[in-house]
Each structure stands twice: as structure tokens, then as C-alpha cells.
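# Notes for the structure review
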Amino acid sequence: ILNVEQSPQSLHVQEGDSTNFTCSFPSSNFYALHWYRWETAKSPEALFVMTLNGDEKKKGRISATLNTKEGYSYLYIKGSQPEDSATYLCAFAGSNYKLTFGKGTLLTVNP
Amino acid sequence: EAGVAQSPRYKIIEKRQSVAFWCNPISGHATLYWYQQILGQGPKLLIQFQNNGVVDDSQLPKDRFSAERLKGVDSTLKIQPAKLEDSAVYLCASSTRVGYNEQFFGPGTRLTVL
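The sections below set out a description of the structure shown in this document. Just so we're clear, the structure is a prediction, and the values are computed from it rather than from any experiment.

## A few points about the overall build of chain B
Across its full length, chain B carries zero helices and eleven strands. When the helices and strands of chain B are read in sequence order from the N terminus, they spell out β-β-β-β-β-β-β-β-β-β-β. Within chain B, contacts between residues separated by at least 24 positions form 53% of all contacts whose residues are at least 6 apart in sequence. Surface summary for chain B: the accessible area is close to 5,500 Å², and the carbon and sulfur share equals 50%.

Written out as C-alpha cells, the structure reads:
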């Protein structure tokens, strides 16, 4: 059974704060790491698909890094806004292409 | 581009009843997935289709769950009979092909089994 861990489970920050979360995954048999944002009552939305060790990707105020040798990825949000409030999910893809999701980090940004 | 459509959005049933969920993927997407997300856990893949063939159904409880994808487009997921532990959000997703490309999700169906 693959173990994909996300921390923290939940996070409350003030508007304007910068924050980051961690996703830990198996370092063997790695093919890709996905990040999704899931707002309440909406569809999960893909943020990044990362495949290369050392990859850094950015989308507006959100960025992510990847370390496949040690099995972790960080997601950063700069200057959090209330609309960033959501659950952030990471998912590990191995050689069978199947995604194994973590439990997510619930972010609440207070105005 | 229209997204992945799912219906119904919410469903409440009693245990031992049957229920069916419908999914219409993004046009042209060959791969379709059904996930189950139980409260407090991450989404778990139940079944994956490539066109109208099953690629992976290893985590589908086949004694009560069934799924089909007729003509390689729409898909239905059925539970018969439902148990209390089936209460979850059922997410449908699609992608252009099997691989490491992103998956596009629908809004999900929240099922409550009483």
C-alpha cells in the first residue's frame, strides 16, 4: 500500500500571510506528482503535474517544488487571499499511472 | 470547453437501496475515472476506463458496485445494495489518455446512506 502523507491537516492564516504545505511520497518507482485545489462545492482543479527531480512550477501566487530522491514536494502560497481557502490535495503516480492521493491540507484564509 | 458533468449532485438513500451516478466527460477524453472520497480521506480510485474498456478495477467492491462506459463516452456507476460505509463523495474525472497528464474532475455526487 502506497503511503502519501500531507501536512499539516489544516491551517488557518490571515489574509496577506504566505504559507506552505508538504506532501511526502515513496521515493521509489516515481513517475509524477500532482497537486489539486478543491474548493467546497466545486470540482477539484489541477494546479501542477511535476515529473522531474528539482522541478519548480509557478501559477500566479502559487508555486511548487519537487524532490523525488527524498520523496517530498512543497506547495507555497504567497500573500494568501480568502479565495485561496480550499483543500489542497497531492497525488503520487507510479509506473501503473494510477494516482494515490493524500488526505489533503485544508487551508482557511481569514480576511 | 465544457467541463466534466456529473449528476445528481446530492443523493440520500437508505441502506440496502440502490443508487446510480452519471458522468459525462470532456469531449474527446479517452480515459475516464471514478473515485470515492470518504470524509477525512483522499480520493480513492474505484475504476478506470480507456474508451469503453476497463483498465483498472482492482479497488472496486464488485459484490455491490458496478460501472459501465457505453460507446466510450458517458459512464454510470451503480451501488446495489448500498451500505452505510458507502457514504462518500463520488468523483468522476477524465483525461486525454492514460498517462501522467492532469485529470479533469467533475463536481462530484455526495451520497448519504442512512
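## Side note on the nonpolar core
If you look at the biggest cluster of nonpolar residues, it comprises 23 residues, and the most contacted ones within it are Leu-33, Trp-35, Phe-48, Leu-75, Tyr-88 and Leu-107 of chain A. Put simply, the parts of the chain that give this core at least two residues each are β2 (10-14), β3 (19-24), β4 (32-38), β5 (45-50), β7 (62-67), β8 (72-77), β9 (86-93) and β11 (105-110) of chain A. Aside from chain neighbours lying at most four places away, what touches Tyr-88 of chain A is Gln-6, Phe-21, Tyr-36, Arg-37, Leu-47, Leu-75, Ile-77, Gly-104, Thr-105 and Leu-107 of chain A. If you look at the next biggest cluster of nonpolar residues, it comprises 21 residues, including Val-19, Ile-47, Phe-65 and Leu-111 of chain B.

## What about the side chain of Arg-69 of chain B?
Residue and element names in this part refer to chain B. Of note, Arg-69 is situated in the loop between β7 (65-68) and β8 (75-79). One buried charged residue, Arg-69, forms no salt bridge at all, with the nearest opposite charge on Asp-74 at 7.3 Å. A distance of 2.9 Å separates the side chain of Arg-69 from the backbone oxygen of Val-73, its partner in a polar contact. If sequence neighbours within four positions are ignored, Arg-69 has contacts with Pro-25, His-29, Ala-30, Thr-31, Leu-32, Phe-49, Gln-50, Asn-51, Asn-52, Asp-74 and Ser-75.

## Some thoughts on the sheet that holds strand β1 (residues 5-7) of chain A
Residues and elements named next belong to chain A. Taken in spatial order, the five strands line up as β1-β3-β8-β7-β6 in an open sheet, and their pairing is antiparallel. Edge positions in the sheet fall to β1 and β6 (56-59), since each of these pairs with one other strand and no more. Here the strands of the sheet are splayed against their neighbours by 15° on average, with no regard to which way each runs. Inspection of the sheet shows β6 paired to β7 by four bridges, in the antiparallel sense. Opposite Lys-59, over in β7, you have Ile-62 as the bridge partner.

Cut-offs applied
Residues numbered from 1 in each chain as written. Chains lettered and ligands numbered in written order. Predicted model: local features only at pLDDT ≥ 70, side-chain atom pairs only at ≥ 80, totals over all residues. Heavy atoms only, no water. Helix = DSSP H or I, 4+ residues; strand = E, 2+ residues; numbered from the N terminus. Contact = heavy atoms within 4.5 Å. Areas by Shrake-Rupley, 256 points an atom, 1.4 Å probe, with all protein chains shown as cover. Core = buried A, V, L, I, M, F, W, Y, C linked by side-chain atoms within 4.5 Å. Buried < 20%, exposed > 50% of the residue type's maximum accessible area, 1.4 Å probe, protein only. Lys, Arg positive; Asp, Glu negative; His and termini not counted. Salt bridge = Lys/Arg side-chain N within 4 Å of Asp/Glu carboxyl O. Polar contact = N/O pair within 3.5 Å; in protein donor to acceptor, adjacent residues only side chain to side chain. Pairing = 2+ DSSP bridges. Axes fitted to C-alpha atoms, helices over the stretch in contact; angles between N-to-C directions.

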